[in-house]
Amino acid sequence: MSNAFDIKEKNLFETTTALQDELSDMRRQLHKNPEIGLELPQTVAYVKNKLADLGIEAEEVGGGLVVTIGSGEKCFLIRGDMDALPIQEESGVDFSSTNENMHACGHDFHTTMLFGAAKLLKANEDKLQGQVKLMFQPGEEILAGAKAMVEAGVLENPTVDAGMMIHVFPGFPIKSGTVLVPSAGPFASTSDWFEIKIQGRGGHAATPEVTVNPLTIMSHIHLALHNLEAREISMYDSAVISTTIMNGGVVDNAIPDTAYMKGSIRTFDPAVREYIFKRIPEIAEGVAQTFGGSVEAKIIIGCPTVEVDHEVTESLRTILEAEFPGEIANPLEVGLNKLGGSEDFSYVTQEVPSSMLILAAGHSDEGYLHSVHHPKVLFDEAVLSKGAAVYAVSAMEWLAQNSK
Ligand SMILES: [Zn+2]
Ligand SMILES: [Zn+2]
């Protein structure tokens, strides 16, 4: 097959200039119309139509879209998420969000890059030595989309043998376009929550002796949770417990009856995670009892760690180093350790051997001052075609190496 997007040509980027313009248009269209959560009706319809224009029929699975390209025994999955955040955009770009949400995590890039990969792979379908499954996912920010798609069967029919995702990263001192391929092991942390409802005994602010102030209990629980993290977790392990919501009281001369607190728990080790799950309710109950109140403490499960598989990640490193010499690095080489932020692709990595790549999308010294989730974050669109090519080349070459 001869076409403008021959993935095997040496000058891939020269031949994808047209693709770059198209991807930039698509990204801006998505950026203007961000949707959040598990249901992304406009986004899904838009992507589905764009794929249909390529002659690709996408199937709706678990709120997302699934496309399979190629034929053969082995199947490699590439994933891009599509959801935004409930953040009011302040970036000032002329294609800013037209609603109250914002693509502040770059998922508009991921959707667009995965679409670009669909185009490259479709144009090279006759060269594929297996099947590539493209997973367009909703609900990553609420850590529910990957799970929903896995439960709806995204990893079956055909059965996925290995997988990969990309996340763009602006606002770091890393050359834009650099692809970070991590070492094996847990790469992105777990993310879970604690929620504590405190029952005190309200009354007049002037008579504390006949009340139980739930705000006092809440403050002590907050401090005790930081001691849990600092004093009960070994220096060889790591964990973060952050209180992020503390509510209680309505007026300055009354002690309230109840108070409410919630927060985030991040870990890399399942044993540490379980230990914290056990200790938070124990601490909350003990503190409440000390001060004469009671609590209802619960742990809300978010997502497990992203587990990077040794064989898949090293195979992708070799493939990408050959394709993009000098542009591939280990996160450790650019000062990035494991990610404390979580990523719900973890649900895929727990099922099939996978890797998680980072694509630097704007150097912090070149005007990209903010990182993801900031209302003023900017992303370097020049990396869009690179991202598409990384997805496509990774899938194509992994299949070539594993189909024998
Ligand atoms: Zn995010
Ligand atoms: Zn994200």
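S.K.: For this particular structure, what's the right way to read the layout of surface pockets?
M.R.: With a probe scaled to a water molecule rolled over the atoms, the places where space remains empty come into view. Taken as a whole, the largest pocket spans an internal volume of roughly 640 Å³. Surrounding the largest pocket, 26 residues form its lining, E141, R266, G341, S342 and H373 being those nearest its centre. Broken down by secondary-structure element, the contributors of at least two residues to the lining of the largest pocket are β5 (162–169), β8 (191–199), β10 (239–248) and β12 (258–267). Top contributing element to the lining of the largest pocket by residue count: β12, with four residues. Its residues assigned to classes, the lining of the largest pocket shows eleven nonpolar, ten polar and five charged.

S.K.: I tried to follow the nonpolar core on my own but got confused; where do I start?
M.R.: For soluble globular proteins, nonpolar side chains are generally found buried alongside one another. In terms of nonpolar packing, the biggest core is built from 62 residues, with L51, F76, I78, L121, L134, F136 and M164 touching the most fellow members. Per-element tally for this core: the top contributor is helix α9 (residues 384–402), with eleven residues. Ignoring sequence-local partners within four residues, the contact set of F136 consists of V47, L51, G64, L65, V67, G80, M82, T111, L114, F115 and M149.

S.K.: Before we go on, may I ask you to explain the sheet that holds β5 in this structure?
M.R.: Backbone-to-backbone hydrogen bonds join strands into a sheet, with any given pair of strands oriented parallel or antiparallel. With mixed pairing, the eight strands of this open sheet are ordered in space as β1-β2-β4-β3-β5-β16-β6-β15. Edge positions in the sheet fall to β1 (59–61) and β15 (328–329), since each of these pairs with one other strand and no more. Two strands pair when backbone bridges link them, and strand β2 (residues 64–70) and strand β4 (residues 131–137) are joined in this way by six bridges, in the antiparallel orientation. Among the inter-strand pairings, T68 is bridged to a residue of β4, identified as K133. Taken strand by strand, helix α7 (residues 310–323) contacts β3 (75–81), β5, β6 (179–180), β15 and β16 (354–360), and its axis lies near 40° from that of β16. Across the sheet, α9 is in contact with β3, β4, β5, β6 and β16; its angle to β3 comes to roughly 160°.

S.K.: I keep staring at the coordination of the zinc ion (ligand 2) and nothing clicks. Help me out?
M.R.: By definition of the ideal shapes, four donors in a tetrahedron about a metal sit 109.5 degrees apart, and six donors in an octahedron sit 90 or 180 degrees apart. Coordination of the zinc ion (ligand 2) by the protein is provided by C105 (SG), H107 (NE2) and H167 (NE2), with metal-donor distances spanning 2.1 to 2.4 Å. The exposure class of H107 is buried, given its relative accessible area of 0%. Judged by its relative accessible area of 6%, H167 falls in the buried class.

S.K.: Sorry if this is basic, but what is going on with the coordination of the zinc ion (ligand 1) here?
M.R.: Listed as protein donors to the zinc ion (ligand 1) are C105 (SG), E141 (OE), E141 (OE) and H373 (NE2); their distances from the metal cover 2.0 to 2.7 Å. Sequence spacing of the donors to the zinc ion (ligand 1): C-x35-E-x231-H. Between the zinc ion (ligand 1) and the zinc ion (ligand 2), a spacing of 3.2 Å is present, and a bridge between the two is formed by C105. In this pair, E141 is assigned in the loop between β4 and α4 (145–151) and H373 in the loop between β16 and α9, connecting sequence segments 232 residues apart.

S.K.: Help me understand the pairing of β2, please; the structure alone is not making it clear to me.
M.R.: Taken residue by residue, a regular strand's side chains alternate between the two faces of the sheet. Of all the seven residues making up β2, six are buried; the element is thus mostly covered by neighbouring parts of the structure. Here three bridges tie β1 to β2, and the two strands are oriented antiparallel to one another. Opposite E60, over in β2, you have L65 as the bridge partner. Connecting β1 to the antiparallel partner β2 that follows it, the hairpin turn spans two residues, and G62 within it adopts a positive phi of roughly 55°.

S.K.: It is not clear to me how the pattern of salt bridges should be interpreted in this structure. Could you clarify?
M.R.: Tallied over the full model, the rule gives 18 salt bridges. Through salt bridges with shared partners, one network takes in R27, R28, D108 and E381.

S.K.: How should I be thinking about the sheet that holds β12 in this particular structure?
M.R.: The antiparallel open sheet is built from four strands, whose spatial order is β10-β12-β8-β13. The strands lining the two open edges of the sheet, one partner per strand, are β10 and β13 (294–303). Between one strand axis and the next, the sheet turns through 15° on average, direction left out of account. As judged from the eight bridges shared by β8 and β12, these two strands associate in the antiparallel manner. Its bridge partner being in β12, Q199 is matched across the sheet by T258. Contacts between helix α5 (residues 214–231) and the sheet are confined to β8, β10, β12 and β13, with β10 contributing the most and set at about 170° to the helix.

Conventions and cut-offs
Residues numbered from 1 in each chain as written. Chains lettered and ligands numbered in written order. Predicted model: local features only at pLDDT ≥ 70, side-chain atom pairs only at ≥ 80, totals over all residues. Heavy atoms only, no water. 1 Å grid on protein atoms, 1.4 Å probe; cavity = no way out; pocket = protein on both sides within 12 Å on 5 of 7 lines; lining within 4 Å. Points joined across faces, edges and corners; volume = space filled by probe spheres on them. Helix = DSSP H or I, 4+ residues; strand = E, 2+ residues; numbered from the N terminus. Nonpolar A, V, L, I, M, F, W, Y, C, P; charged D, E, K, R; others polar. Core = buried A, V, L, I, M, F, W, Y, C linked by side-chain atoms within 4.5 Å. Buried < 20%, exposed > 50% of the residue type's maximum accessible area, 1.4 Å probe, protein only. Contact = heavy atoms within 4.5 Å. Pairing = 2+ DSSP bridges. Axes fitted to C-alpha atoms, helices over the stretch in contact; angles between N-to-C directions. Donors = N, O, S within 2.8 Å, 3.2 Å for Na, K, Ca; no water. Salt bridge = Lys/Arg side-chain N within 4 Å of Asp/Glu carboxyl O.

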